[in-house]
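Structure at a glance
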Amino acid sequence: MNEAFGGRDPALTEIFVDRLRVRAQLGVYAHEKGRTQPLVVSVRAWAKLDVTSDDLSETVDYNAFAKAAQSLAHTCHHQLVETYIDALADAVMQDERILAVEVRAEKSEAIMDADGAGAVVFRRR
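Presented here is an overview of the structure given in this document.

Thresholds, definitions, all that
Residues numbered from 1 in each chain as written. Predicted model: local features only at pLDDT ≥ 70, side-chain atom pairs only at ≥ 80, totals over all residues. Heavy atoms only, no water. Phe/Tyr/Trp six-rings, centres within 6.5 Å; stacked < 30°, edge-to-face > 60°. Lys NZ or Arg CZ within 6 Å of the ring centre and 35° of its normal. Core = buried A, V, L, I, M, F, W, Y, C linked by side-chain atoms within 4.5 Å. Buried < 20%, exposed > 50% of the residue type's maximum accessible area, 1.4 Å probe, protein only. Helix = DSSP H or I, 4+ residues; strand = E, 2+ residues; numbered from the N terminus. Contact = heavy atoms within 4.5 Å. Expected span 1.5 Å × (residues − 1). Arc of directions from axis to C-beta. Polar contact = N/O pair within 3.5 Å; in protein donor to acceptor, adjacent residues only side chain to side chain.

This paragraph deals with the packing of aromatic side chains. Evaluated as defined, the whole model comprises 1 aromatic pair. For Arg-44, the ring lying beneath its charged end belongs to Phe-16, and the centroid distance is 4.5 Å.

Here it is in structure tokens:
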């Protein structure tokens, strides 16, 4: 990304879903198995777009981020937040227009007296 613009590249469009709440099959401990727990997911992607009309097909649909996050949360049990966010980052990067993605996930029930605990991953082509 370009340092002259505070680390932002003016040729890229940032597309995001912020603090999506999902119920996820997630965790390594016995009390986390066989149930779902709340997970808060944020996805930020930077895409090279050439938008010439007011049509959804010319951009990246952020609904796809939410659907992928929900699907991954429901279809299998992930032991680690890190494996969940890696899989979500891979799913988002399937769109060739996306040059970078940041995925963050927070477990709100992981640590008593904490708002959340989790991980963030950043991927770039």
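Formed by 32 residues in total, the largest nonpolar core has its most connected members in Val-41, Phe-65, Tyr-84 and Leu-88. Mapped by element, the contributors of at least two residues to this core are β1 (13-24), β2 (37-47), α1 (62-75), α2 (81-92), β3 (98-107) and β4 (117-124). Ignoring sequence-local partners within four residues, the contact set of Phe-65 consists of Ile-15, Phe-16, Val-17, Val-43, Ala-45, Val-60, Leu-88, Val-92 and Ile-98.

We now examine the environment of Pro-10. Note that Pro-10 resides in the segment before β1. The spatial distance from the C-alpha of Pro-10 to the C-alpha of Lys-48 is 9.9 Å, given a sequence separation of 38 residues.

Bringing α1 into the picture now. Look at α1: 20 Å from first C-alpha to last across 14 residues, which is about the 20 Å you get at 1.5 Å a residue. Taken together, the buried positions of α1 are Phe-65, Ala-66, Ala-68, Ala-69, Leu-72 and Ala-73. Down the axis of α1, the sector holding all buried residues measures 165°, keeping them to one side. Residues of α1 that are exposed and point over 90 degrees away from its buried face: Lys-67 and Thr-75. Structurally, α1 contributes buried residues whose contacts are with β1, β2, α2 and β3. You can read the cap of α1 off the contacts: a side-chain oxygen lies 2.9 Å from the backbone nitrogen of Asn-63, and it is on Asp-61.

Any link to function would need more than the numbers given here.
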